[in-house]
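# Working through the structure, step by step
Below are the chains, spelled out letter by letter.
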Number of protein chains: 2
Amino acid sequence: MKITMKDIAKEAGVSVATVSHVINGTKRISEEKEKRIWETIKKYNYVPDARAKQLRLQKTKTAALVVSSLPDSYVTGFVNAVGMRARELGYHLLFVNTNENLEHEKETIHLLSSHMVDGIILSPSQSDISYLQTYIDQHLPIVLVNRYDPKITNIPRVVADDFQAGYDATIHLLQHGHKHIGVIYGVPNVSTTNQRIEGYKTALQEHGVPFNEHYLEMGYATVEGGYNAVKTLLNRHQEITALFVLNDAMTIGALKGIHSLLLKCPDDIALIGFGDFEAASVTDPPITNIYLPPDTIGRTAFDILINRINNPNYCKSVSLPTSLIIRKSCGC
Amino acid sequence: MKITMKDIAKEAGVSVATVSHVINGTKRISEEKEKRIWETIKKYNYVPDARAKQLRLQKTKTAALVVSSLPDSYVTGFVNAVGMRARELGYHLLFVNTNENLEHEKETIHLLSSHMVDGIILSPSQSDISYLQTYIDQHLPIVLVNRYDPKITNIPRVVADDFQAGYDATIHLLQHGHKHIGVIYGVPNVSTTNQRIEGYKTALQEHGVPFNEHYLEMGYATVEGGYNAVKTLLNRHQEITALFVLNDAMTIGALKGIHSLLLKCPDDIALIGFGDFEAASVTDPPITNIYLPPDTIGRTAFDILINRINNPNYCKSVSLPTSLIIRKSCGC
DNA sequence: TTGTACGCGTTATCAC
DNA sequence: GTGATAACGCGTACAA
């Protein structure tokens, strides 16, 4: 049931006008009443209805950004796919990039929960998404993409089969005779990273290769971050002959790093990336990648969201297969 | 002045209920009245207020997409910059990708004009944006980015100095002794393409090199498109020794094409791109590019939009400088 | 502090 | 069958 300012006012034993003033700080209200009102607001996790506010104030505090095309790459492709599907189904899309910042993400979800949108597709910044439970209880339709918390099962999600992908990549490197395989990742404690590393471990184990946790190197999920991570890792472990990098930007940085160390790829160091980007076929050498299907993920996520909007109990989760695109960076 | 359903009803001599039924097709209304109502709607370019509708119907037909990061590349970087600035100023951002489709763009602007947003940053699909005049007359705040119509001066814009960029790129190639320089572009009749080509022509002229219009090759603005365009162009004009490609995706495709023709870059064909992408430093060879500053363009566009929102007469236009990033694809 | 008109469409109800 | 009247959705801000 949706809770309005009227409900808050009744519960706190004041008028809606008073509640409004407290929320907006537009007038001094007595200490105790103000406190009681805030408590009631917290209790019900109340957020003023954005539309009513906009209608009254005659402004939306929303700007539109319209562009005529988006070049490809995983997240971009994904954003694009969601946009296309949204359009096909007569929906608009409000877009927010939280820049891997949890606070920003929490604020965003809170804001959006003000009936600003019918539902949310969320690619979380971390795996700890327990804060979402409140909104789920309030029947705010949410679909998780890419990352999720395995312990939370009442939120639908669409993700890639990261375990299998990590496994496949590792097997590919093992088949080329590599025994010392480094892994470079950007974001810790998220299901994507964890699952890919699990797949990596499993593949190693099946081939009787011991797992060395020092072969796991974290860095910022940027070109620069990948560059630094590679240099650190290879300087410390000269026995490493292959690298598995978990995202596009770091893959580019890793290749830069390999070049700067005057190493030959794939002769000295084999490289396999995750995500796949347009330029991967023209790099020196062309990079073998695990391909993530942004289009399928995006469209599926939107379709699931619509189902969830129409039926609050709908809770299907999907895990999509990835594929290995073989180029030259592993010595094939 | 904002026009409401009440105004339409009065003008057409009917009640608001009738107007609503006509718009939504929820009831049979007599031929003549329906016709009269539609005419009035067209006359005033009336669009029902999205917020009032949403408030009444308790749904927004809007979904949110929240992602935790966007990898870089020009448009992506630009989108990201606008998003950051919007957040800093307490705005939300509705995002639409029109996929270079003019009809889609027109529909979008029309929809957004329903007070759905306070203002619009538009990267048009074509230079013919005369259809915007109606909205400008209605004081819908719009800022143009990247592309514009030189004839329309009452819409603020922020663009790169495309003429100078085209000039700089060409001069760079001329200085390396190239006389037969091909140009590959994706979108015809837009200011970006036109201006860059103007710069190219001017540079040629200053160096006494004749302009050959057959050196201009158009293709789809994709990797595939760049690939095909290069093959077509180089097969037809074997004397060409340098290529200037006007966007990232086609630049990647062009390099692919050069490889597939078994030509050496830069020895056989020099290459200079436009936009610059992360992987450009690790391609074979690393690609010299004209760099467009997405961050500055995005933030500036948003700031101008805010000014326009606060003052309908504000109409500053900005042209930002580009820079040449020298790598190896020109033989430096 | 609070009652209440208002912003703008939608739709159930009622009148012709 | 056609069309108008009016209540409603939810905050805001002025008058009391």
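Cut-offs used in this document
Residues numbered from 1 in each chain as written. Chains lettered and ligands numbered in written order. Predicted model: local features only at pLDDT ≥ 70, side-chain atom pairs only at ≥ 80, totals over all residues. Heavy atoms only, no water. Domains from an automatic or database assignment. Core = buried A, V, L, I, M, F, W, Y, C linked by side-chain atoms within 4.5 Å. Buried < 20%, exposed > 50% of the residue type's maximum accessible area, 1.4 Å probe, protein only. Phe/Tyr/Trp six-rings, centres within 6.5 Å; stacked < 30°, edge-to-face > 60°. Helix = DSSP H or I, 4+ residues; strand = E, 2+ residues; numbered from the N terminus. Lys NZ or Arg CZ within 6 Å of the ring centre and 35° of its normal. Axes fitted to C-alpha atoms, helices over the stretch in contact; angles between N-to-C directions. Parallel < 35°, antiparallel > 145°, perpendicular 65-115°, else oblique. Contact = heavy atoms within 4.5 Å. Nonpolar A, V, L, I, M, F, W, Y, C, P; charged D, E, K, R; others polar. Pairing = 2+ DSSP bridges. Near = heavy atom within 4 Å. Polar contact = N/O pair within 3.5 Å; in protein donor to acceptor, adjacent residues only side chain to side chain. Buried area = accessible area lost by both parts, 1.4 Å probe. Salt bridge = Lys/Arg side-chain N within 4 Å of Asp/Glu carboxyl O.

Under the domain assignment used here, chain A contains domain 1 (1-46), domain 2 (50-159 + 296-320) and domain 3 (162-292). Taken over C-alpha atoms, the centre of domain 1 of chain A sits 53 Å from the centre of domain 3 of chain A.

When a protein is soluble and globular, its nonpolar side chains tend to lie buried together. Formed by 145 residues in total, the largest nonpolar core has its most connected members in Phe 78 and Leu 243 of chain A together with Phe 78 and Leu 243 of chain B. Counting 47 residues, the second-largest nonpolar core is a separate cluster that includes Leu 132, Leu 144 and Ile 152 of chain A together with Val 159 of chain B.

A word on the packing of aromatic side chains. All chains considered together, the criterion is met by nine aromatic pairs over all chains. For the pair Phe 244 of chain B and Phe 274 of chain B, a centre-to-centre distance of 6.3 Å together with 40° between the ring planes defines the contact as tilted. In this pair, Phe 244 of chain B is assigned in strand S8 (residues 242-245) and Phe 274 of chain B in strand S9 (residues 270-275), connecting sequence segments 30 residues apart. Comparing Phe 244 of chain B with Phe 274 of chain B shows no difference in burial state: the two are buried. Geometry around Phe 211 of chain A places Lys 201 of chain A over its ring, the cationic atom sitting 4.8 Å from the centre. Taking NZ or CZ as reference, Arg 196 of chain B lies 3.6 Å from the ring centre of Phe 274 of chain B, over its face.

Moving on to the packing of helix H2 (residues 16-24) of chain B against helix H3 (residues 31-44) of chain B. Residue and element names in this part refer to chain B. Two elements in contact, H2 and H3, have axes whose closest approach is 10 Å; the angle formed by their N-to-C orientations is 85°. By the angle between their directions, the pair H2 and H3 is classed as roughly perpendicular. Across from Thr 18, Val 19, Val 22 and Ile 23 in H2, the residues of H3 making contact are Glu 34, Ile 37, Trp 38 and Ile 41. Across the contact of H2 with H3, the residue classes break down as six nonpolar, one polar and one charged.

It is worth spelling out the sheet that holds strand S12 (residues 323-325) of chain A at this point. Two modes of strand pairing occur in sheets, parallel and antiparallel, and in both the strands are linked by backbone hydrogen bonds. Residues and elements named next belong to chain A. Pairing in this open sheet of six strands is mixed, and the strands run S7-S6-S8-S9-S10-S12 from one edge to the other. Of all strands in the sheet, those bounded by a partner on one side alone are strand S7 (216-218) and S12. Strand-to-strand twist of the sheet, defined as the mean angle between neighbouring strand axes without regard to direction, takes the value 20°. Pairing between strand S8 (residues 242-245) and strand S9 (residues 270-275): three bridges, direction parallel. Residue pairing in the sheet places Ala 242 in a bridge with Ala 270 of S9. On the sheet, helix H9 (residues 191-206) packs against strand S6 (181-185), S7 and S9 and is oriented at approximately 175° with respect to S6.

The next thing to look at is the protein's contact with DNA strand C. DNA strand C sits among 30 residues. The nearest are Thr 18, Ser 30 and Arg 56 of chain A together with Met 5 and Arg 56 of chain B. Each atom of DNA strand C within 4 Å of the protein was assigned to sugar, phosphate or base; sugar and phosphate come to 65%. One nitrogen or oxygen atom from the side chain of Lys 27 of chain A is found 3.0 Å from a base oxygen belonging to DNA strand C. Here a sugar or linking oxygen of DNA strand C sits 3.2 Å away from a polar atom, N or O, in the side chain of Tyr 46 of chain B. Secondary-structure elements contributing two or more residues to the surface near DNA strand C are helix H2 (16-24) and helix H4 (50-57) of chain A together with H2 and helix H4 (50-57) of chain B. Residue composition of the surface near DNA strand C, grouped by class: 12 nonpolar, nine polar and nine charged.

Facing 72 residues of chain A, the contacting portion of chain B comprises 72 residues. Counting the surface lost from both chain A and chain B, the interface buries some 6800 Å², and carbon and sulfur atoms represent 61% of this. Viewed at the interface, chain B and chain A are joined by two salt bridges. Between Glu 107 of chain A and Arg 87 of chain B there is a salt bridge; the shortest N-O distance is 3.1 Å. Of all elements in the fold, only H4, strand S1 (62-67), helix H5 (74-88), strand S2 (92-97), helix H6 (102-112), strand S3 (119-122), helix H11 (248-260) and helix H12 (294-310) of chain A reach the threshold of two or more residues within the side of chain A that touches chain B. If one sorts the elements of the side of chain A that touches chain B by residue count, H5 of chain A sits on top with eight residues. Its residues placed into classes, the side of chain A that touches chain B shows 36 nonpolar, 23 polar and 13 charged. Where S1 of chain A meets strand S2 (residues 92-97) of chain B, six bridges bridge the pair, whose relative direction is parallel. Counterpart to Thr 62 of chain A in the pairing with S2 of chain B is His 92 of chain B.

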